[in-house]
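Coordinate inspection notes
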Amino acid sequence: MNVTTNEDLRRKLEEAEDLIHAIRHDRVDGFVVDHPNRQRVLMLQAPDRPYRILIEKMQQGAVATSADGTVLYCNRRFAEMLRRPVEEIAGKSVYGFLAVPSQTAYAEVADSGGGQGEFGLVQADGHVIPIHVAVNAVEDSDGVSYLIVTDLTDQLARRRAEELAEILSRELEGRKAAEEALRASEARFADQSRRKDQFLAVLSHEIRGPLAPIQNALHVLQRAPEGPLAADARNILERQVTQMARITDDLFDLSRISGRTILLRKERLDLTELVRRCVEDYGPTLESAGLRVETQIPDRSFWMNGDSTRLSQVFMNILQNAVKFTEGGGTVVVSLSVCADGKTAIVDIRDTGVGMNEEKLERIFEAFRPGAPSYDQGGGGLGIGMALAKGLTELHGGHIFAASAGAGRGSEFTIELPLQREAPPREAPPREQPARSTPAPAKPYRVLVIEDNIDAAESLEMLLDLMGHQVEKAYDGPVGIEIAKRYRPEVVICDIGLPGPMDGHAVAQILRREYPRGSAFLIALTGYGQHEDQRRSYEAGFDFHMTKPADPKELEKLLASLTSQI
């Protein structure tokens, strides 16, 4: 056999070995057999061929790696994710295709023998895409791990879109809520503006009411100061000034209640006696309005802890309301009873007046909502009387309710107040004697008046002069200090709101260095009467605090009380 024959045999043997090797490793799908007239194709069907086709067609990446992470196999989809040919992937480390922050996390999953996680896959152009990898290590395959890789780009985009849509929805809902709140705020503002305008109109009406008779009475006194009409004119002045002072006091009281700064001087009191006394005190007003008063008040005492002045104010405000809205010939019924448990007293005040519809009932205790149908029916008012009654009742731990059967069918107010269960002491302490309308004569004092309002200063000087005191006056703080050095006053009445660099507080601080407490009395006269204002005036050095307009009788009583203190 020649050399050529041997080479042919050797070549054919190598081809046969290569063919056998390819068949063993599933690299041959079939054979082509030549026939005389045609070629016949014989296909080889391996047991795992369907799975290989499935893996190549699946939409997830499929990767087989060795124990050290070398890629042994990957399908077409994984190569598409990397945007690389399959030939560039096989034999490379899978870690080289992962973003640096993901490599450690992937190693923890792979070393644990299986698991899943989300990582970053680096494409050929350096772009990183999010992927989900499920790792399954097969124990009997020499550490081979099989990876199912899912591209999360679209999924994360949808998730982000859903999050953005949810954020947008919340923002739209928030904007809608804000718009609704804005509309509600605008409605409240418009309502408050209407109420303010209505309040100012009523306030103007209430103030102008007393001013007219005051002006008329002054003309009478100017023309006939000693004539028979002078006494009537003076009575008119006193009543109308008192009415204006009451309007101011009501406004201050409402402000103190709203700010929770009002102080109650609570003591043990007999509610039965208090209600009876209120009806007696207000009886003449009811009778002068042509109203008949009926009382249903038991003889026994009911004890509670309360401020008698403030509770009287509650009852008086309701009785005044009955006078405003009940025509002559009507009836007002005041009753007092106790709940079955003995813990709560019920004061009920009914009238046969104009009554209220549902809308007015809902708003009867709101401030600045005047409840009169018209000014012509004798109503009006600032619309704060019922708000005051409610606030003062609640400060005592009680409740107040309003009821009416409708327009023209009267109104009913019910006040519930907590009682004390313990029996009253056998010997009740003597009741404080009411202040005498005519105070004991005061000894004459040297009084210094510091007031920037010239009319107020001069009128106060005249009043004090009539009381028998020696008076000097100043219109600002510095002048008042200079007069005090010369005049050596025993009493200083000083306005707080003085103009210029030295207000009343500064004046009091300077005078207190010259006149310690007890050597001279400083009286603050101001339009500010809240608890904080009183505290500030005392800290500045004042002994007493009087709100404008100061009642001449109260001032006279105060000066008379100083006799035993100087």
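Look a little higher up for the structure.
For the structure given in this document, a descriptive report is provided here. None of the values given here were measured: they were computed from a predicted structure.

So, on to the overall build of the protein chain. Looking only at helices and strands, the protein chain features 15 helices and 19 strands. Counting only residues that meet the buried cut, the protein chain has 35% of its 566 residues in that class. Across the protein chain, the fraction of contacts at a sequence separation of at least 24, relative to all contacts at a separation of at least 6, is 59%. When the accessible surface of the protein chain is summed, it comes to about 33,800 Å², and 52% of that surface belongs to carbon and sulfur atoms.

As a further point, take the packing of helix H13 (residues 504-514) against helix H14 (residues 531-540). Where H13 contacts H14, the two axes come as close as 8 Å, and the packing angle between them is 30°. Considered as vectors, H13 and H14 are oriented roughly parallel to each other. When H13 is examined against H14, the residues His 505, Ala 508, Gln 509 and Arg 512 are found in contact with a partner set consisting of Arg 536, Ser 537 and Ala 540. Taken together, the residues of the contact of H13 with H14 sort by class into two nonpolar, three polar and two charged.

What follows is about empty space enclosed by the protein. For the structure shown, the criterion picks out one cavity of 30 Å³ or more. Volume-wise, the largest cavity comes out at about 50 Å³. Of all the elements in the fold, those that place two or more residues in the lining of the largest cavity are strand E6 (128-137) and strand E7 (145-151). Its residues assigned to classes, the lining of the largest cavity shows nine nonpolar, no polar and no charged.

This model, assessed by the stated rule, comprises 18 salt bridges. Between Arg 517 and Asp 543 there is a salt bridge, with the nearest N and O atoms lying 3.1 Å from each other. Of this pair, Arg 517 sits in the loop between H13 and strand E18 (521-526) while Asp 543 is found in the loop between H14 and strand E19 (544-547), placing the two residues 26 residues apart along the sequence. For Arg 517, a relative accessible area of 39% corresponds to the partly exposed category. Ionic pairing is found between Arg 535 and Glu 539, a salt bridge with its closest N-O pair at 2.5 Å. Taken together, the positions of Arg 535 and Glu 539, both in helix H14 and four residues apart, correspond to about one turn of that helix. For Arg 535, a relative accessible area of 33% puts it in the partly exposed group. The exposure class assigned to Glu 539 is exposed, which follows from its relative accessible area of 55%.

Parameters at a glance
- Each chain has its residues counted from 1, following the order in which its sequence is written.
- In keeping with the model being predicted, local features are shown solely for residues with a pLDDT of at least 70 and side-chain atom pairs are shown and tallied solely at 80 or more, while totals for entire chains, interfaces and linings include all residues.
- Side-chain metrics rest on all non-hydrogen atoms present in the structure, leaving aside hydrogens and water.
- Only DSSP runs of H or I reaching four residues or more are called helices, and only runs of E reaching two or more are called strands; each is numbered from the N terminus.
- Partly exposed residues are those whose accessible area sits between 20% and 50% of the maximum for their type, while under 20% is buried and over 50% is exposed, using a 1.4 Å probe and protein chains only.
- Working rule for contacts: check all heavy atoms of both residues, and any pair within 4.5 Å makes them a contact.
- The Shrake-Rupley method, run with a 1.4 Å probe, gives the accessible areas here. Residue values count only the displayed protein chains as cover.
- Fitted lines through C-alpha atoms serve as axes, helices being fitted only where they are in contact, and the angles separating the N-to-C directions of these axes extend from 0 to 180 degrees.
- Working definition: roughly parallel below 35 degrees, roughly antiparallel above 145 degrees, roughly perpendicular at 65 to 115 degrees, and oblique for all remaining angles.
- Ten residue types, Ala, Val, Leu, Ile, Met, Phe, Trp, Tyr, Cys and Pro, are classed as nonpolar, four, Asp, Glu, Lys and Arg, as charged, and the remainder, Gly among them, as polar.
- Lining residues are defined by having an atom within 4 Å of a point belonging to a cavity or pocket. Those points lie on a 1 Å grid over the protein atoms alone, cavities being sets where a 1.4 Å probe fits but cannot get out and pockets being open sets with protein on both sides within 12 Å along at least five of seven lines.
- Grid points are joined across faces, edges and corners, and a volume is the space filled by probe spheres set on the points.
- We define a salt bridge as a side-chain nitrogen of Lys or Arg found within 4 Å of a carboxyl oxygen belonging to Asp or Glu.

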